[in-house]
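These are the residues of each chain, in order.
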Amino acid sequence: MTSSSATVRPRRADEIAQWDHEADVVVAGYGVAGASAALAAAQEGADVLVLERTGGWGGAAAMAGGFIYLGGGTPLQKACGFDDSVEAMKAFMTAALGPGVDAEKIDAYCEGSVDHYSWLVECGVPFKESFWGEPGWEPPGDDGLQYSGGENAAPFAATIPPAPRGHIPQMADKQSGGERGGGYMLMKPLTDTATGLGVRSVYDTRAQTLVTDESGRVVGVVATQYGKEVTIRARRGVVLATGSFAYNDRMVEAYAPRLVGRPAASIEEHDGRAIQMAQALGADLAHMDATEVAFFCDPQLFVRGILVNGRGQRFINEDTYPGRVGQATLIENQNQAFLVIDEAAYEEALTTPTATPFLRHQPTWVCETVEELEAEMGLAEGALQATVEVYNRHAANGEDPVLGKKPEWVKPIGSPVAAIDLRGFTGGFTLGGLRTSVDSEVLHVSGEPIPGLFAAGRCTAGVSAGGYASGASLGDGSFFGRRAGRIAAKG
């Protein structure tokens, strides 16, 4: 799927005979970044209009598990018995989301995290004061806090005090991967509060290009609605918040080719249009090759075994954040992964609660010995045997000196032994986009802000420069969206 054939070249304001809509702040996209921008602008007293290309608010955020990456000592962290500091949060995010993180954004995000949590609560976002400590992509119930980035695992836990920072809005009857994920209970209060403050919205309206005045300032948007051109004037600023480019085949091939044919945790509307609209004004880009990668296997399974690559070698500690497992599989190991697990561990995993039962796969091969399994899998003779022998030798003492898996998950692999073929079981979304300032101004390739133009969310390069933690998208989308709306409102 590619962008619309309509041109992204900017239009001049003096070419537009009349405006169909007008507002102080015009926001393109009604996902979490757009909703936060619209709400914050309205709180500053601005007249706000949101353009949304689908039939309603929500975007990818409403379908997400709902993690918002927050820390530094939020009331929820404290209520669940965890100490966290701004310094520890900065250190982790710098280490885990790099290389090449924007230090100024990380600083602002971490220093403003407790305040942002309070703002979300004031806007009606509910959080249950309970912690989910089991392995998993997300809690199966309505618990409000979980480790969501591998903070309590190697290599981070040895040098950075760990704390769980995955904050999840409380929601009954969640449906993982559906239209009623925890993210719905982030989006509904935000949009309800925005509407209550007078934010207007027009749906089925797709932003196509930007309008500039004679000085080069962005003063509006040209959109299409039911095939008809619609013009919208922005008296103070335009905020772009239309999502990633994961479903723009041409852009993915050009910038993030590892994801060709495997978009996940994103929606078809994520076609990169906002990025191209701003590029047409000379906007700079950053980290366009960065990708989050989901690993399509239940963590309750793989934490109890060992993950090996196409050569039969372990490549990551299995108790880390599953997104790190996905990245290591796709990016570092040519999308090759097998889970080696014995019968007792497999059966134990099946008894545990999970939010993702559909990721509990049947064994591909089952054998009495590792030697037989190795042959069945087509691995080089001795390769898997050596891996298991080293793992078991140290596991007998509850240790994993090779990759640092926590002792509670380290047990020798016994017999019968199975392997699950997980080759190609990855998918993801893009993390790069428009280069923005810490105040969410879109930056020209010269380094200067483009007057009147702001952006937030997955159409920008946010706090994730390479690595990822669950909650970083909803976190920086809402944080920098809020900042974009507030500053745009001031004109």
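In the block above lies the structure referred to throughout.
Since the model is a prediction, treat every value here as computed from it, not as a measurement. (Residues numbered from 1 in each chain as written. Predicted model: local features only at pLDDT ≥ 70, side-chain atom pairs only at ≥ 80, totals over all residues. Heavy atoms only, no water.)

S.K.: Hey, could you run me through the overall build of the protein in this one?
M.R.: Across its full length, the protein holds 14 helices and 20 strands. For a compact globule of 491 residues, the expected C-alpha radius of gyration is about 23 Å, and the protein comes in at 23 Å, within 12% of that figure. In terms of overall dimensions, the protein has a C-alpha envelope of 80 × 45 × 40 Å along the principal axes. For the protein, with 491 residues in total, the buried portion stands at 60%. Of the accessible surface of the protein, which amounts to about 18300 Å², a share of 48% is contributed by carbon and sulfur atoms. Averaging the locations of the 39 positively and 61 negatively charged side chains of the protein gives two centres separated by 6 Å. (Helix = DSSP H or I, 4+ residues; strand = E, 2+ residues; numbered from the N terminus. Rg over C-alpha atoms; globule rule 2.2 N^0.38 Å. Buried < 20%, exposed > 50% of the residue type's maximum accessible area, 1.4 Å probe, protein only. Areas by Shrake-Rupley, 256 points an atom, 1.4 Å probe, with all protein chains shown as cover. Lys, Arg positive; Asp, Glu negative; His and termini not counted. Charge placed at Lys NZ, Arg CZ, Asp CG, Glu CD.)

S.K.: I would appreciate a short explanation of the packing of aromatic side chains in the present structure.
M.R.: Each aromatic ring pair is specified by the distance between its two centres and by the angle formed by the two planes. Counting across every chain of the model gives 15 aromatic pairs. For the ring pair F92 and F156, a centre distance of 5.0 Å and an interplane angle of 75° mean the geometry is edge-to-face. On the criterion of sequence distance, the pair formed by F92 in helix 3 (residues 86-96) and F156 in the loop between strand 5 (145-146) and strand 6 (166-167) is long-range, its members being 64 residues apart. F156 matches F92 in its accessibility class, with the two residues each being buried. Seen in terms of ring centroids, W137 and Y321 are 6.1 Å apart; in terms of plane orientation they differ by 75°. Their pairing is edge-to-face. Of the two residues, W137 is situated in the loop between helix 5 (113-122) and strand 5 and Y321 in the loop between strand 13 (306-308) and helix 10 (322-332); the sequence distance between them amounts to 184 residues. Looking at Y321, the relative accessible area reads 5%, which means it is buried. (Phe/Tyr/Trp six-rings, centres within 6.5 Å; stacked < 30°, edge-to-face > 60°.)

S.K.: I'm lost on a negative patch on the surface in this one. Help?
M.R.: Together, E343, E347, E368, E371, E372, E376 and E381 make up a region of like negative charge exposed at the surface. At the level of elements, helix 11 (343-350) and helix 12 (370-377) are the ones that each hand at least two residues to the negative patch. Counting residues per element, the negative patch draws most heavily on helix 12, at three residues. If you trace the backbone, E381 turns up in the loop between helix 12 and helix 13 (383-395). Look at E381 and you get exposed, because its relative accessible area is 76%. (Patch = residues over 30% accessible without salt bridge, like charges linked within 9 Å, V, L, I, M, F, W, Y side chains within 5 Å. Salt bridge = Lys/Arg side-chain N within 4 Å of Asp/Glu carboxyl O.)

S.K.: Got a minute to help me understand the sheet that holds strand 5 in this structure?
M.R.: Paired through their backbone hydrogen bonds, the strands of a sheet run either parallel or antiparallel. Taken in spatial order, the three strands make up an open sheet running 4-6-5, and their pairing is antiparallel. If you trace the sheet from one side to the other, it starts and ends with strand 4 (68-69) and strand 5, each paired once. Where strand 5 and strand 6 come together, two bridges link them in antiparallel fashion. Opposite Q146, over in strand 6, you have G166 as the bridge partner. (Pairing = 2+ DSSP bridges.)

S.K.: Sorry, what's going on with the pairing of strand 8 (residues 205-212) here?
M.R.: Consecutive side chains along a regular strand alternate between the two faces of the sheet. The element strand 8 is largely enclosed, with a buried count of eight among its eight residues. Here strand 1 (residues 11-12) pairs with strand 8 via two bridges, running parallel. Bridge assignment links R12 to a residue of strand 8, and that residue is T212. Hairpin connection of strand 8 to strand 9 (residues 218-225): five residues between the antiparallel strands, including G216 at a positive phi of 95°.

S.K.: So what exactly am I meant to see when it comes to the packing of helix 1 (residues 32-43) against helix 6 (residues 184-196) here?
M.R.: Put simply, helix 1 and helix 6 touch, their axes get as near as 9 Å, and they point 30° apart. When the axis of helix 1 is compared with that of helix 6, the two are roughly parallel. Remark: the crossing between helix 1 and helix 6 carries left-handed chirality. The residues of helix 6 that touch helix 1, namely those facing V32, A35, S36 and L39, are L186, M187, L190, T191, T193 and A194. By residue class, the composition of the contact of helix 1 with helix 6 is seven nonpolar, three polar and no charged. (Axes fitted to C-alpha atoms, helices over the stretch in contact; angles between N-to-C directions. Parallel < 35°, antiparallel > 145°, perpendicular 65-115°, else oblique. Left-handed = near helix turned anticlockwise from the far one by under 90°. Contact = heavy atoms within 4.5 Å. Nonpolar A, V, L, I, M, F, W, Y, C, P; charged D, E, K, R; others polar.)

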